[in-house]
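Observations on chain architecture
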Amino acid sequence: RDFVVEATLHFTFRFDGARPELYAGIDALKNVLEETYQEYGELFRRRPVEEGEPRIEVVLYGRRGFDRVTGLGDWAGGAFDGSIRVPVDERESRASVARITRVLRHETAHAFVRSVGGRDVPAWLNEGVAERLEEPSRRAFDVRFARGRLASDPAALFPLSELRGTLASWSDRAKIRRAYDQALAFTDFLAAQYGEDLVYDLVAACKGGGDEGARAQFRDVLLFELDVALGDFRDELAR
């Protein structure tokens, strides 16, 4: 309530004006997010604000404030619940700025996913898209590491039915890590096998249909089931 409010063309920033390190970096973050908005508008084929939605709210907290507001553990780098919420370290450093940028891109992807696909986009797709968009220059590296961790036990992949809801309620860190690895690697597998556009079409198909909408879209385009593709992905990991 008492935070400073600053608006850009597509975002509204809220932050503690008593923290000078936030003021020091806020203009750079505004530029990053406006560039990100244009990039995602092309990928998702939708620009939410131009479609009549309000500006995307971004709230920057200290770690304790973030934990108190979101109720998430310290494993979470950020959150999206209609607003983007990000904890910002009190130390100003190049590494922390890079981390915040990556988190903001991830959470902005969630904002676009909700705008395009509604609230019921399955977690494997929602998180997979957001992870792939975090930092394109690191994508191949991140996917390779995720696949490597999953390949240690391909049989332990989650059925897609277990990855329909949000991961925010999960508490087992090992399972959370594996779920994020699977979301990233499987979504990347689909993009590589069947084209980048398919991934965004699956998101759009969730509008009003959720998980079943994505499954129907996949079936209509490729004439086989999404679970078969997961099996193909599992087999590829096991080679």
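Before reading further, recall that the structure is shown in the block above.
First, a word on what this report is: a plain description of the structure on this page. (Residues numbered from 1 in each chain as written. Predicted model: local features only at pLDDT ≥ 70, side-chain atom pairs only at ≥ 80, totals over all residues. Heavy atoms only, no water.)

Quick word on the overall build of the chain
Across its full length, the chain holds nine helices and five strands. Radius of gyration (C-alpha) of the chain: 18 Å, near the 18 Å computed for a compact globule of 239 residues. Dimensions of the chain along its principal axes, counting C-alpha atoms only, are 55 × 40 × 30 Å. Within the chain, the fraction of its 239 residues that count as buried is 49%. (Helix = DSSP H or I, 4+ residues; strand = E, 2+ residues; numbered from the N terminus. Rg over C-alpha atoms; globule rule 2.2 N^0.38 Å. Buried < 20%, exposed > 50% of the residue type's maximum accessible area, 1.4 Å probe, protein only.)

Details of the sheet that holds strand β3 (residues 56–61)
Adjacent strands of a sheet pair through backbone hydrogen bonds, lying either parallel or antiparallel. The strand order across the open sheet formed by five strands is β1-β2-β3-β5-β4, and the pairing between neighbours is mixed. Edge positions in the sheet fall to β1 (4–7) and β4 (79–80), since each has one partner strand and no second. Pairing of strand β2 (residues 11–15) with β3, which is carried by four bridges, proceeds in the parallel orientation. Across the sheet, residue Phe 11 finds its bridge partner in β3, namely Ile 56. Against the sheet, helix α2 (residues 63–70) contacts β3, β4 and β5 (84–87), and its axis sits at roughly 140° relative to β5. (Pairing = 2+ DSSP bridges. Contact = heavy atoms within 4.5 Å. Axes fitted to C-alpha atoms, helices over the stretch in contact; angles between N-to-C directions.)

Here we look at the packing of helix α6 (residues 173–194) against helix α7 (residues 196–205)
Interaxial distance between α6 and α7 falls to 6 Å at its minimum, and their mutual angle equals 125°. As judged from the angle between their axes, α6 and α7 are oblique. Contacts between α6 and α7 involve Thr 187, Leu 190, Ala 191 and Tyr 194 from the first element and Glu 196, Leu 198, Val 199 and Leu 202 from the second. Looking at the contact of α6 with α7, its residues break down into six nonpolar, one polar and one charged. (Parallel < 35°, antiparallel > 145°, perpendicular 65-115°, else oblique. Nonpolar A, V, L, I, M, F, W, Y, C, P; charged D, E, K, R; others polar.)

Topic: the packing of aromatic side chains
Going through the model one piece at a time under the given rule, you end up with 16 aromatic pairs. Ring pairing ties together the aromatic residues Phe 11, Tyr 37, Tyr 40, Phe 44, Phe 112 and Tyr 200, which thus form one cluster. (Phe/Tyr/Trp six-rings, centres within 6.5 Å; stacked < 30°, edge-to-face > 60°.)

Re the pairing of β2
Within β2, four of the five residues are buried, which leaves it mostly tucked inside the rest of the structure. In the sheet, β1 pairs with β2 via four bridges, with the strands oriented antiparallel. Within β2, the position partnered with Val 4 by the bridge is Phe 15.

Remarks on unusual backbone geometry
A positive phi angle is found at Arg 45, which is not glycine, with a value near 60°. Considering the arrangement of structural elements, one finds Arg 45 in the loop between α1 (20–44) and β3.

Concerning the side chain of Arg 215
Relative to the assigned elements, Arg 215 resides in helix α8 (residues 210–222). A distance of 2.8 Å separates the side chain of Arg 215 from the side chain of Asp 227, its partner in a polar contact. When residues no more than four places from it in sequence are discounted, the contact partners of Arg 215 are Leu 160, Ser 161, Leu 226 and Asp 227. (Polar contact = N/O pair within 3.5 Å; in protein donor to acceptor, adjacent residues only side chain to side chain.)

A look at the packing of helix α5 (residues 139–151) against α6
At a closest axis distance of 9 Å, the pairing of α5 and α6 adopts a crossing angle of 120°. One element, α5, and the other, α6, form an angle in the oblique class. Handedness of the α5/α6 crossing: left-handed. Where α5 approaches α6, its residues Arg 139, Asp 142, Val 143, Ala 146, Arg 147, Arg 149 and Leu 150 are matched on the opposing element by Arg 177, Arg 178, Asp 181, Gln 182, Leu 184, Ala 185 and Asp 188. In terms of residue class, the contact of α5 with α6 is built from five nonpolar, one polar and eight charged. (Left-handed = near helix turned anticlockwise from the far one by under 90°.)

A word on the pattern of salt bridges
Taken as a whole and assessed by the stated rule, the structure comprises 23 salt bridges. Of the charged contacts, one joins Glu 39 and Arg 105 as a salt bridge, the two residues approaching to 2.9 Å between their closest N and O atoms. Highlighted residues: Glu 39 in helix α1 and Arg 105 in helix α3 (residues 94–117), separated in sequence by 66 residues. Taking the relative accessible area as the measure of exposure, Glu 39 reaches 28% and is therefore partly exposed. For Arg 45, the salt bridge is made with Asp 197, and the minimal N-O distance between the two is 3.9 Å. Residue Arg 45 is located in the loop between α1 and β3, and its partner Asp 197 is located in helix α7; the two are separated by 152 residues in the primary sequence. The network of salt bridges with shared partners includes Arg 102, Glu 134, Glu 135, Arg 138 and Asp 142. (Salt bridge = Lys/Arg side-chain N within 4 Å of Asp/Glu carboxyl O.)

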